[in-house]
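Okay, here's what each chain looks like letter by letter:
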Amino acid sequence: IVQENETMNQNNITAYEAKYSDLQQKLQDAKARLARAHSEYEDFQKKKTLEVKSTANELDTIRECSAQLEDATQVELQRLEEMKKQRVDHRVQATETRRSELSSLEDKRAY
């Protein structure tokens, strides 16, 4: 009976050791999967951070270009307004010169 109990105990110990070894292996596998998942998450975060920075840089560039375009547009509008004013001034001056010439001719005719 003692021999039989010792054999049963040894069998139980062997079974528990096998189960413990199996659970240890599963734990190691789970730790490895967790480490891979964490690494993939960090890579994903880095990629997204770079994408956000890139997008922010692109937006800054667009804003800068937009401001430059706005400035250039204002300068061009001012230049066109000045040209328009000069053209009007030139026409007024030409009209006044013609009136003066006509008036002078009428005065000469009156003599």
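Structural notes, computed from the coordinates. These numbers were taken from a predicted model, which means no experiment stands behind them. (Residues numbered from 1 in each chain as written. Predicted model: local features only at pLDDT ≥ 70, side-chain atom pairs only at ≥ 80, totals over all residues. Heavy atoms only, no water.)

**Thoughts on the overall build of the protein**
Right, so step 1: Each helix and strand counted, the protein has one helix and zero strands in total.
Right, so step 2: Seen along its three principal axes, the alpha-carbon backbone of the protein occupies a region of about 160 × 10 × 10 Å.
Right, so step 3: Expressed as a percentage of its 111 residues, the buried residues of the protein come to 0%.
Right, so step 4: Total accessible area computed for the protein in this model is approximately 10700 Å², and 55% of it derives from carbon and sulfur atoms.
Right, so step 5: One finds the centroid of the 19 positive side-chain charges in the protein at a distance of 7 Å from the centroid of its 22 negative side-chain charges. (Helix = DSSP H or I, 4+ residues; strand = E, 2+ residues; numbered from the N terminus. Buried < 20%, exposed > 50% of the residue type's maximum accessible area, 1.4 Å probe, protein only. Areas by Shrake-Rupley, 256 points an atom, 1.4 Å probe, with all protein chains shown as cover. Lys, Arg positive; Asp, Glu negative; His and termini not counted. Charge placed at Lys NZ, Arg CZ, Asp CG, Glu CD.)

**Examining the pattern of salt bridges**
Right, so step 1: Summed over all chains, the structure comprises four salt bridges.
Right, so step 2: Between K26 and D22 there is a salt bridge; the shortest N-O distance is 3.6 Å. Taken together, the residues K26 and D22, both in helix α1 (residues 2-110) and four residues apart, mark about one turn of the helix.
Right, so step 3: We note a salt bridge from R63 to D60, for which the minimum N-O separation is 3.4 Å. With R63 and D60 both in helix α1 and three residues apart, this pair spans about one turn of that helix. (Salt bridge = Lys/Arg side-chain N within 4 Å of Asp/Glu carboxyl O.)

**Section: a nonpolar patch on the surface**
Right, so step 1: A surface patch of nonpolar side chains, about 250 Å² in accessible area, is lined by L77, L80 and M83.
Right, so step 2: Turning to its location among the elements, L77 is positioned in helix α1.
Right, so step 3: Judged by its relative accessible area of 44%, L77 is partly exposed. (Patch = residues over 30% accessible without salt bridge, like charges linked within 9 Å, V, L, I, M, F, W, Y side chains within 5 Å.)

**A look at the environment of D43**
Right, so step 1: You can see D43 is positioned in helix α1.
Right, so step 2: Taking C-alpha positions, D43 is 85 Å from E101, a pair spaced 58 residues apart along the chain.

**Remarks on the environment of R79**
Right, so step 1: Secondary-structure assignment places R79 in helix α1.
Right, so step 2: For R79, a relative accessible area of 42% corresponds to the partly exposed category.
Right, so step 3: Between the C-alpha atoms of R79 and D22, which are 57 residues apart in sequence, the distance is 84 Å.
Right, so step 4: Polar side-chain contacts of R79 include one of 2.5 Å to the side chain of E76. (Polar contact = N/O pair within 3.5 Å; in protein donor to acceptor, adjacent residues only side chain to side chain.)

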